[in-house]
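Survey of secondary and tertiary structure
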Amino acid sequence: MTVDVQVGAESDWMAKAIELATSSVANGGGPFGAVIVKDGEIVATGNNQVTSNLDPTAHAEVTAIRNACRELGTFKLDGCVLVTSCEPCPMCMASALWARMDGVLYAADRDDAAVAGFDDRAFYELFSNPESEWPTPVRRVEMSNRNEAFDAWRNKTDRIDY
């Protein structure tokens, strides 16, 4: 993936993400920070708020994506770049993909995070294993009306596709 950035801007954005991560630690959050950039400008920021908000999905990247969507008034962040202090975990990477981000930039990687006690490597490995080997059982419940909501969606004439 190639991310088109202005000369010098990339390191400025990353410095801000790392600053947010470091401040997060001082304020009781986890050591992760992220910014969303559009047209060369930071439009939103986020830091890890998992323990402060009692929300396991409140990672810095997800928080920044939520803030950017509110700021820009859209759920699609095409034209934007996610800049994060650490390689996104699978949830955060999937969130960036769902948001249709143009690119993702990160500084520390999953091995650096593991040394600090945040070992997302297990999740990366988990998804390459069959579900039967996952620590959390996942199974389908057969229902005759399982497509009822999808049928309603397909028939909705004023739906907003995403």
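Throughout what follows, the structure given in this document is the object of discussion. Because the structure is predicted, anything quoted here is derived from the model rather than measured.

Before going further, it helps to spend a moment on unusual backbone geometry. In this model, leucine 54 sits at a positive phi of 50°, which is unusual for a non-glycine residue. Looking at the secondary structure, you find leucine 54 in the loop between α2 (50–53) and α3 (60–72).

Moving on to α3. The end-to-end C-alpha distance of α3, which contains 13 residues, comes to 18 Å, matching closely the 18 Å that a straight helix rising 1.5 Å per residue would cover. Looking at α3, one finds that the buried residues are Ala60, Glu61, Val62, Thr63, Ala64, Ile65, Ala68 and Cys69. Buried residues in α3 make contact with β1 (33–38), β2 (41–47), β3 (80–86) and α4 (90–98). Downstream of α3 by one or two residues, glycine 73 has phi in the positive range, about 70°.

Next up on the list: the sheet that holds β2. Read across the sheet, 4 strands follow the order β2-β1-β3-β4 without closing on themselves; strand pairing throughout is mixed. Every interior strand has two partners, whereas the edge strands, β2 and β4 (103–108), have only one. On average, each strand axis in the sheet is inclined to that of its neighbour by 20°, with strand direction left out of account. The pairing of β1 with β3 spans 5 bridges and is antiparallel. Counterpart to valine 37 in the pairing with β3 is valine 81.

Calculation rules
Residues numbered from 1 in each chain as written. Predicted model: local features only at pLDDT ≥ 70, side-chain atom pairs only at ≥ 80, totals over all residues. Heavy atoms only, no water. Helix = DSSP H or I, 4+ residues; strand = E, 2+ residues; numbered from the N terminus. Expected span 1.5 Å × (residues − 1). Buried < 20%, exposed > 50% of the residue type's maximum accessible area, 1.4 Å probe, protein only. Contact = heavy atoms within 4.5 Å. Pairing = 2+ DSSP bridges. Axes fitted to C-alpha atoms, helices over the stretch in contact; angles between N-to-C directions.

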